[in-house]
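Spelled out, the chains give:
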Protein chains: 2
Amino acid sequence: MNRTADQDIGEAVDDAVLRRFLGHHLRRASNFVQSDLARSLKDVDLRMITMSVLTVIVEHRGLRQSQLADALQIERPNLVSILDELEDRKLVERTRVPTDRRAYALTPTAAGEALAAKASQAVRAHEDRVFARLSASERSSLQDLLMKVYPGAEG
Amino acid sequence: MNRTADQDIGEAVDDAVLRRFLGHHLRRASNFVQSDLARSLKDVDLRMITMSVLTVIVEHRGLRQSQLADALQIERPNLVSILDELEDRKLVERTRVPTDRRAYALTPTAAGEALAAKASQAVRAHEDRVFARLSASERSSLQDLLMKVYPGAEG
DNA sequence: TATTGTTATACTCTATAACTATA
DNA sequence: TATAGTTATAGAGTATAACAATA
C-alpha cells in the first residue's frame, strides 16, 4: 500500500549496511559500467565477450584459439561457441595452420574489421557517457588507483 | 613447445587491446576484489549473497522478504532458496506477520548474529588485505571517484 | 484487483573431464 | 606423452511467468 515508504526502506537498508565497504562501491560502479557497455554493444549486435574476441583477432591476425583464450582469460571450451557464432556471421575465419595441423589461425573478414571499428566507436562513446561526471584528471587518477588494486597491472 | 613465448603473447594481447579502456581496469579490479571476498567468506561458510542477506537481516530485524529483495536488488524468487538455506542452518527465522498474513518477518537467531559478526570481521580483514597498496587517503579518493561513476550514490 | 511468497523454468556465464587428431 | 580444439555437462547467477493465499 505505502509503496514510497517501502522503497525508502530498501534504499536505507542498502546504505546503512554496505556503503562503508570500498568493495561495495567498486562492485556497484563496475556493474553500472558493464551494464551500460552491454547495452551499447547491442546496437552493433555484439556481446561483451564477442566484442573482445573480435577486437583481439582484428588487432592480432593469425592468432590461435589457445592464445586467444589465454589473452582473454577464458576457458578453451567456452571459446568454441563464441568463434562458431563469429564464423557463422562471416566476421572471422578459422584456417588450418600448415606447420601445426592441430591449430587454427584466426583472421577477421572485411566485415569483421568493419564491425570491430563500429564496436570500438561504440565503446568510446559509452566510456565518454558513463564517465562523464569525471574530469580527464579524475579519470586518470581513477585508472591509477584501480591499477594499484589488482595484481599484474604494473603500477 | 615454446610455452614462455605463448604466455608472453597472451599478456601482450591483453595489454595492447584493452588497457586503454577505463572500464576494463574497473572490471579487473572489481573481479579481483570480489574473488578475494568470496574466498574470505568461505572461511565462515557463506557466499557473498548469503552474507549480504544475513547481514541485512541482523541490522534490520523484522524486515520482510520483499523489502530485502528491494534492498539488495535481487528478484523475489531468487531470495527463496537463499532464505531456505539460512533457515535450514538455523541462522534466520521466518515468522508470520500478524497484521499481514501474506508476509514473513525475518529475524536472525543468536547463531545468525554471531556468524554475521564473524563475517563482518572477515570482510574487514579482506578489505585491509585487498586494498593494502592504497593509503587511507587513496582509498578515500577511490571511493569518491567510484561514487561519481554510478548513479544513486549521491556525491 | 493487487501483493507476498513460492514454484517452475530458462538463459547466460563459467568450469571441468574426456574425446579426436595431431605433435 | 603432450597439446589444440572440441563435446558434453554441470554449477552458479539471474530473470520471468504463473500460482495460492491474503489484502
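Shown above is the structure to which this text applies.
First things first, this report covers the structure right here in the doc.

What counts, and at which threshold
Residues numbered from 1 in each chain as written. Chains lettered and ligands numbered in written order. Predicted model: local features only at pLDDT ≥ 70, side-chain atom pairs only at ≥ 80, totals over all residues. Heavy atoms only, no water. Least-squares fit on C-alpha atoms with pLDDT ≥ 70 in both. Contact = heavy atoms within 4.5 Å. Buried area = accessible area lost by both parts, 1.4 Å probe. Salt bridge = Lys/Arg side-chain N within 4 Å of Asp/Glu carboxyl O. Polar contact = N/O pair within 3.5 Å; in protein donor to acceptor, adjacent residues only side chain to side chain. Helix = DSSP H or I, 4+ residues; strand = E, 2+ residues; numbered from the N terminus. Nonpolar A, V, L, I, M, F, W, Y, C, P; charged D, E, K, R; others polar. Near = heavy atom within 4 Å. Buried < 20%, exposed > 50% of the residue type's maximum accessible area, 1.4 Å probe, protein only. Axes fitted to C-alpha atoms, helices over the stretch in contact; angles between N-to-C directions. Parallel < 35°, antiparallel > 145°, perpendicular 65-115°, else oblique. Left-handed = near helix turned anticlockwise from the far one by under 90°. Expected span 1.5 Å × (residues − 1).

**A short note on the relation of the copies chain B and chain A**
Taken together, a rotation about one axis and a shift along it account for how the two chain copies relate.
And then number 1: Superposition record for chain B on chain A: RMSD 0.1 Å, screw rotation 180°, translation along axis 0.0 Å. Overall, the copies show the geometry of a two-fold rotation axis.
And then number 2: Most of the interface of chain B is mirrored in chain A: 98% of its interface residues are interface residues there too.

**Considering the interface of chain B and chain A**
And then number 1: At the interface, 51 residues of chain B touch 50 residues of chain A.
And then number 2: Note on chain B versus chain A: buried area summed over both sides is about 5,400 Å², and carbon and sulfur give 66% of it.
And then number 3: Looking only at chain B, the three residues that lose the most surface to chain A are Leu-22, Lys-148 and Tyr-150 of chain B, adding up to 13% of its buried area.
And then number 4: On inspection of chain B and its partner chain A, the count reaches two salt bridges.
And then number 5: Put simply, Glu-138 of chain A and Lys-148 of chain B hold a salt bridge, and the shortest N to O gap is 2.8 Å.
And then number 6: At the junction of chain B and chain A, the tally comes to 10 residue pairs in polar contact (both at pLDDT 80 or more).
And then number 7: Where the side of chain B that touches chain A is concerned, the elements lending two or more residues are α1 (3-18), α2 (22-42), α3 (48-59), α4 (65-72), α6 (110-130) and α7 (136-149) of chain B.
And then number 8: In terms of residues, the side of chain B that touches chain A owes the most to one element, α2 of chain B, which gives 11 residues.
And then number 9: Split by residue class, the side of chain B that touches chain A holds 26 nonpolar, 12 polar and 13 charged.

**A few points about the protein's contact with DNA strand D**
And then number 1: Lining the immediate environment of DNA strand D, one finds 18 residues, of which Gln-65, Ser-66 and Arg-102 of chain A together with Arg-47 and Arg-101 of chain B sit closest.
And then number 2: Counting only atoms of DNA strand D within 4 Å of the protein, the fraction found in sugar and phosphate groups is 57%.
And then number 3: One of the backbone N or O atoms of Ser-66 of chain A is found 2.6 Å from a phosphate oxygen in DNA strand D.
And then number 4: Residue Arg-47 of chain B places a side-chain N or O atom 2.7 Å away from a phosphate oxygen belonging to DNA strand D.
And then number 5: Those elements that provide at least two residues to the surface near DNA strand D are α4 (65-72), α5 (76-88) and β3 (100-108) of chain A together with α5 (76-88) and β3 (100-108) of chain B.
And then number 6: Across the surface near DNA strand D, the residue classes tally to five nonpolar, three polar and 10 charged.

**Some details on the protein's contact with DNA strand C**
And then number 1: Arg-47, Asn-78 and Arg-101 of chain A together with Ser-66 and Arg-102 of chain B are the nearest of the 18 residues found near DNA strand C.
And then number 2: With respect to DNA strand C, the side chain of Arg-94 of chain B contributes an N or O atom lying 3.0 Å from a phosphate oxygen.
And then number 3: When residues of the surface near DNA strand C are traced back to their parent elements, those giving at least two are α5 and β3 of chain A together with α4, α5 and β3 of chain B.
And then number 4: Looking at the surface near DNA strand C residue by residue, the class counts come to five nonpolar, three polar and 10 charged.

**Regarding the pattern of salt bridges**
All names here are of chain A.
And then number 1: One pass over the full model with this rule turns up 26 salt bridges over all chains.
And then number 2: Across the salt bridge formed by Asp-36 and Arg-129, the nearest N and O atoms sit 2.6 Å from each other. Separated by 93 residues along the polypeptide, Asp-36 in helix α2 (residues 22-42) and Arg-129 in helix α6 (residues 110-130) bring together distant segments of the chain.
And then number 3: Of the residues examined, Asp-36 reaches a relative accessible area of 7% and is grouped as buried.
And then number 4: On the basis of relative accessibility, which here comes to 46%, the residue Arg-129 falls in the partly exposed class.
And then number 5: Here Arg-89 makes a salt bridge to Glu-85, at a shortest N to O gap of 3.3 Å.
And then number 6: By relative accessible area, Arg-89 is classed as partly exposed at 27%.
And then number 7: Salt bridges sharing partners connect three or more residues here, namely Asp-45, Arg-47, Glu-85 and Arg-89.

**Observations regarding the side chain of His-126 of chain A**
And then number 1: Structurally, the position occupied by His-126 of chain A is in helix α6.
And then number 2: Leaving out residues up to four positions away in the same chain, His-126 of chain A has contacts with Val-33, Asp-36, Leu-37 and Ser-40 of chain A.

**With respect to the packing of helix α7 (residues 136-149) of chain A against α7 of chain B**
And then number 1: Running from N to C, α7 of chain A and α7 of chain B cross one another at 120°; their axes reach a closest spacing of 10 Å. Comparing the axis directions of α7 of chain A and α7 of chain B gives the class oblique. Pair α7 of chain A / α7 of chain B crosses with left-handed handedness. On α7 of chain B, the residues touching Glu-138, Ser-141, Leu-142, Leu-145, Leu-146, Lys-148 and Val-149 of chain A of α7 of chain A are Glu-138, Ser-141, Leu-142, Leu-145, Leu-146, Lys-148 and Val-149 of chain B.

**Considering α3 of chain B**
And then number 1: Here α3 of chain B spans 17 Å end to end across 12 residues, near enough to the 16 Å set by a 1.5 Å rise per residue.
And then number 2: Residues of α3 of chain B that are buried: Thr-50, Met-51, Ser-52, Val-53, Leu-54, Thr-55, Val-56 and Ile-57 of chain B.

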